[in-house]
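# Structural description and commentary
For reference, the chains in residue letters:
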Amino acid sequence: MYNLENKYTIAFYNLENFFDTKDDPHSLDDDFTPEGFRKWNESKFRNKARKIAMALSEIGREESGRPPVLIGIAEVENKVVIKSVLEQKELQGIDYDFVHFNSPDERGIDTALIYQQRHFKVLNAETLPLLVDNVNGVRDFTRDILYVLGKLNQEEVHVFVNHWPSRREGAEITSYKRVKAAETILAKIESLEGDVPNCIIMGDFNDDPNSESIRTLMNTGRFINPMKKLLSPASGSANYKRTWSLFDQILLSHTFLDHLPNNHSFVKAAIFSPRFLKEWKGRYKGNPFRTFAGETYLGGYSDHFPVYVVLEQTHDK
């Protein structure tokens, strides 16, 4: 019999431009207001909050018997949006809290870490600024990297939640920005005292597992990337022009392979893509059921599938 009691899911989900409906004069969120390009109103906002809550409640439930204990999220505007998701009935009774900081992103979209207070205690949280310039030499005001030190069921872990700079100007020409993001994480890890810590590096990296930025992390020999095998011509976390990508990944330090008493060990990695998160018909059948396609409101969840890993905590016999 598969024992769920000591299994724990850790997930990451890019929520696709999840804004509130109010205009923030300090960011480029005008499209996501009732008068804006996308006619973003309270009804659409509530529909998305409900859908995201339902998706979060199901990630990894089959393997661990509970919703994720940690969830990294990206493309969320502020605390109001996160709270609106956690208040939905699908997540009632789960003691979720979250860590969020406003980032300098010009559109005002951030990352955050949602956690079950019963299983995770935050010891420290801060942002790691990503200081990069655009190709024209002007500062790229992109998302900070969220760093959270905490105890997962009494075991200390270092969590990094990422949404690295986009490929909009071209994958190769912007690659240096994402390499710099990887180097920023490594510099933080180097600054930590003691042995190589338990690290969980999750996010939308805007790069696939074989890209230079991810290799920058992997070449240190400190990490495993259990997501790598999940990318194929028929499978990924997002689909653009009929090509699958796996920009959404969760990397783990080698310590999650140790299987020591009371520690957490890696069990499996997966893309969460049940039927309800997919387009059901038409030319985009099987793709993520997104909120918008261009200016057309579809009313779906996100243009990304969530990804997750399952850990097992082994106990002394």
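Residues numbered from 1 in each chain as written. Predicted model: local features only at pLDDT ≥ 70, side-chain atom pairs only at ≥ 80, totals over all residues. Heavy atoms only, no water.

Naming follows an unreviewed UniProt entry, where the protein chain appears as Endonuclease of Flagellimonas hadalis.

## Side note on the overall build of the protein chain
When helices and strands are counted, the protein chain shows five helices and 18 strands. Relative to the compact-globule value of 20 Å for 317 residues, the protein chain shows a C-alpha radius of gyration of 19 Å, a close match. For the protein chain, the spread of C-alpha atoms along the three principal axes comes to 60 × 45 × 40 Å. Total accessible area on the protein chain is roughly 14500 Å²; 49% of this is exposed by carbon and sulfur atoms. (Helix = DSSP H or I, 4+ residues; strand = E, 2+ residues; numbered from the N terminus. Rg over C-alpha atoms; globule rule 2.2 N^0.38 Å. Areas by Shrake-Rupley, 256 points an atom, 1.4 Å probe, with all protein chains shown as cover.)

## A look at the nonpolar core
If you look at the biggest cluster of nonpolar residues, it comprises 67 residues, and the most contacted ones within it are Ile 10, Phe 18, Leu 70, Ile 114, Val 159, Ile 200 and Ile 250. If one sorts the elements of this core by residue count, strand β1 (residues 7-18) sits on top with seven residues. Ile 145, Tyr 147, Ile 189 and Leu 192 belong to the second-largest nonpolar core, a separate cluster that totals 21 residues. (Core = buried A, V, L, I, M, F, W, Y, C linked by side-chain atoms within 4.5 Å. Buried < 20%, exposed > 50% of the residue type's maximum accessible area, 1.4 Å probe, protein only.)

## Focus: a nonpolar patch on the surface
A cluster of nonpolar side chains, contributed by Val 135, Ile 173 and Tyr 176, occupies part of the molecular surface with about 260 Å² of accessible area. Within the element layout of this structure, Tyr 176 appears in helix α4 (residues 175-191). (Patch = residues over 30% accessible without salt bridge, like charges linked within 9 Å, V, L, I, M, F, W, Y side chains within 5 Å. Salt bridge = Lys/Arg side-chain N within 4 Å of Asp/Glu carboxyl O.)

## Thoughts on the pattern of salt bridges
Evaluated as defined, the whole model comprises 13 salt bridges. Residue Lys 89 pairs with Glu 90 through a salt bridge whose shortest N-O separation is 3.3 Å. Ionic pairing is found between Arg 143 and Asp 105, a salt bridge with its closest N-O pair at 2.9 Å. Taken together, the positions of Arg 143 in the loop between β7 (139-140) and β8 (145-152) and Asp 105 in the loop between β3 (96-100) and β4 (110-116) put the pair 38 residues apart, joining distant regions of the chain. Here Arg 143 matches Asp 105 in class, with each residue buried. Overlapping salt bridges bring together Asp 140, Glu 169 and Lys 177 as one network.

## Some details on the sheet that holds strand β5 (residues 120-128)
Judged by pairing direction, the sheet is mixed, and its six strands sit side by side in the order β5-β8-β9-β10-β14-β11 without closing on themselves. Every interior strand has two partners, whereas the edge strands, β5 and β11 (223-224), have only one. Where β11 lies against strand β14 (residues 248-253), two bridges are found, and the strand directions are antiparallel. Each residue of the ladder has a partner; that of Phe 223, found in β14, is Ser 253. (Pairing = 2+ DSSP bridges.)

## What to know about the packing of helix α1 (residues 42-58) against helix α3 (residues 79-86)
Close contact between α1 and α3 brings their axes to 8 Å; oriented N to C, the two are set at 60°. As judged from the angle between their axes, α1 and α3 are oblique. Here the hand of the crossing between α1 and α3 comes out right-handed. Contact residues: α1 offers Phe 45, Ala 49, Ile 52, Ala 53 and Leu 56, while α3 offers Val 81, Ser 84 and Val 85. Each residue belonging to the contact of α1 with α3 can be placed in one class, and the counts come to seven nonpolar, one polar and no charged. (Axes fitted to C-alpha atoms, helices over the stretch in contact; angles between N-to-C directions. Parallel < 35°, antiparallel > 145°, perpendicular 65-115°, else oblique. Left-handed = near helix turned anticlockwise from the far one by under 90°. Contact = heavy atoms within 4.5 Å. Nonpolar A, V, L, I, M, F, W, Y, C, P; charged D, E, K, R; others polar.)

## Remarks on α3
All buried positions along α3 are accounted for by Val 81, Ile 82, Ser 84, Val 85 and Leu 86. Those residues of α3 that are buried are in contact with β1, α1, β2 (70-76), β3 and β4. One side-chain oxygen at the N-terminal end of α3 lies 3.2 Å from the backbone nitrogen of Val 80; it belongs to Asn 78. (Polar contact = N/O pair within 3.5 Å; in protein donor to acceptor, adjacent residues only side chain to side chain.)

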